[in-house]
Amino acid sequence: MSAEKLIKEALEIMGDASPLNFDCGTLCERACCVGEGYMMVFPGEINLLKNNNYMFGSKDLISYGRIQTVTCDGTCNRDYRPLSCRIYPLAPKFIGEELFVRLDVRGRPTCPLCHKSMSSLNPEFIEKVKKALTHLAKDEDLLRFLKAISNHVDMFAVPFI
Ligand code: SF4
Ligand code: SF4
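Thresholds applied
For every chain, the first residue of the written sequence is number 1, and numbering continues from 1 onward in sequence order. Think of it this way: whatever chain is written first is A, whatever ligand is written first is 1, and the rest follow in order. Side-chain atom pairs in this predicted model are given and counted only at pLDDT of 80 or more, local residue features only at pLDDT of at least 70, and totals for whole chains, interfaces and linings cover all residues. Counting from the N terminus, the helices are the DSSP runs of H or I reaching at least four residues and the strands are the DSSP runs of E reaching at least two. For a helix, the expected span equals 1.5 Å multiplied by the number of residues minus one. Any residue with 12 or fewer other C-beta atoms within 10 Å of its own C-beta is exposed, any with 20 or more is buried, and the rest are partly exposed; the C-beta atoms used are placed from the backbone. The directions considered for the arc run from the helix axis to the C-beta atoms. Throughout, a residue-residue contact means that the two C-beta atoms, derived from backbone geometry, are no farther apart than 7 Å. By definition, a residue lies near a molecule or strand when the C-beta atom built from its backbone is within 6 Å of it. In this classification, Asp, Glu, Lys and Arg are treated as charged, Ala, Val, Leu, Ile, Met, Phe, Trp, Tyr, Cys and Pro as nonpolar, and every other residue, Gly included, as polar. For the purposes of this analysis, a nonpolar core is taken to be any set of buried Ala, Val, Leu, Ile, Met, Phe, Trp, Tyr and Cys residues that are connected through C-beta atoms within 7 Å. Two strands make a pair as long as DSSP finds a minimum of two bridges between them.

Participant: Is there a simple way to think about helix 6 (residues 140-156) in this case?
Facilitator: When the terminal C-alpha atoms of helix 6 are compared, their 25 Å separation across 17 residues agrees well with the 24 Å that a helix rising 1.5 Å per residue should span. Taken residue by residue, helix 6 has Leu-142, Phe-145, Leu-146 and Ile-149 as its buried positions. Along the axis of helix 6, the buried residues cluster in a sector spanning 100 degrees; they form a single face. In helix 6, those exposed residues whose orientation departs by more than 90 degrees from the buried face are Glu-140 and Met-155. Tucked inside the fold, the buried residues of helix 6 contact helix 1 (3-14), strand 1 (39-40), strand 4 (90-95), strand 5 (98-103) and helix 5 (123-136).

Participant: Can you help me understand the site of ligand 1 in this one?
Facilitator: Close to ligand 1 lie 14 residues, the nearest being Cys-24, Cys-28, Ala-31, Cys-32 and Cys-111. Every element with two or more residues in the shell around ligand 1 is listed here: helix 2 (25-28) and helix 3 (31-34). Per element, the largest residue contribution to the shell around ligand 1 is 3 residues, and it comes from helix 2. Of the residues belonging to the shell around ligand 1, the class tally is 11 nonpolar, 2 polar and 1 charged.

Participant: I keep staring at the nonpolar core and nothing clicks. Help me out?
Facilitator: Among the nonpolar cores identified, the biggest contains 30 residues, and Leu-90, Val-129 and Leu-136 are the most heavily contacted of them. For this core, the secondary-structure elements that each account for two or more residues are helix 1, strand 1, helix 4 (83-87), strand 4, strand 5, helix 5 and helix 6. With 5 residues, helix 5 is the single largest residue contributor to this core. Once you skip the residues sitting within four places of it in the chain, Leu-90 turns out to touch Val-101, Arg-102, Leu-103, Asp-104, Ile-126 and Val-129.

Participant: Any chance you could explain the pairing of strand 4 here in plain terms?
Facilitator: Working note: regular strand, side chains alternate between the two faces of the sheet. Two strands pair when backbone bridges link them, and strand 4 and strand 5 are joined in this way by 6 bridges, in the antiparallel orientation. Bridging from a neighbouring strand, Pro-92 pairs with Val-101 of strand 5. Connecting strand 4 to the antiparallel partner strand 5 that follows it, the hairpin turn spans 2 residues, and Gly-96 within it adopts a positive phi of roughly 65 degrees.

Participant: Help me understand unusual backbone geometry, please; the structure alone is not making it clear to me.
Facilitator: Apart from glycine, the bulk of residues carry a negative phi angle, and the bulk of peptide bonds sit in the trans form. Omega for the bond connecting Tyr-88 with Pro-89 falls within 30 degrees of zero, at 10 degrees, which places this linkage in the cis form. Positionally, Pro-89 belongs in the loop between helix 4 and strand 4. In this structure, Ser-63 is a non-glycine residue whose phi angle is positive, near 70 degrees.

Participant: Sorry if this is basic, but what is going on with the sheet that holds strand 1 here?
Facilitator: Hydrogen bonding along the main chain pairs the strands of a sheet, whether they run parallel or antiparallel. Across the sheet, 3 strands lie side by side as 1-3-2; this open sheet has antiparallel pairing. The open sheet has two edge strands, strand 1 and strand 2 (55-61), and neither has a second partner. The pairing of strand 2 with strand 3 (residues 65-71) spans 7 bridges and is antiparallel. Across the sheet, residue Leu-61 finds its bridge partner in strand 3, namely Gly-65.

Participant: Would you explain helix 1 in this entry?
Facilitator: In an α-helix, one turn spans 3.6 residues, which is why side chains three or four residues apart end up on the same side. Taking 1.5 Å of rise per residue, the 12 residues of helix 1 would be expected to cover 16 Å, and the 16 Å separating its terminal C-alpha atoms lies within 8% of that figure. Leu-6, Ile-7 and Ala-10 are the residues of helix 1 that are buried. Down the axis of helix 1, the buried set is contained in an arc of 100 degrees. They therefore lie on one face. Seen from the buried face of helix 1, the exposed residues on the opposite side, beyond 90 degrees, are Lys-5 and Glu-12. Buried-residue contacts for helix 1 involve helix 4, helix 5 and helix 6. Residue Gly-15 follows helix 1 closely and has a positive phi angle near 55 degrees.

Shown next as structure tokens:
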């Protein structure tokens, strides 16, 4: 199965699940949308992102290689937003070969949810993110990408003082 097909299926799994049972953007004035930065484009996802006014780029991701990135102007057609945005503020975490999800510590400077515990998030959202990422991990390249993200996020997981 192609990576693009798996991405489409992962999007279906996610549906409209969101971190809280209300718009969490009201807690932070949509900090993750209006802030600086970029989103990582999953392998096979690029063609699904064409219906927005995005800017594309590329970066090196340690232990994976060159990846495509996307930035926005703080607005988007939510039906076509990147998978990275849909799963935020969660990120993959591998322990051995087992895939878990955890709060994305890269969001600590801006996202209030990253200072809470997983139990404060909508359980359905957590479950769907895990299911979607587990689905993607069926593809060898996507699995390698997810493991690289896991390592990348680990590098930010230093104790917060
Ligand atoms: S920064 Fe966090 S709380 Fe704010 S909109 Fe993004 S995910 Fe929700
Ligand atoms: S693409 Fe959409 S959801 Fe993602 S950061 Fe931009 S405005 Fe927010």
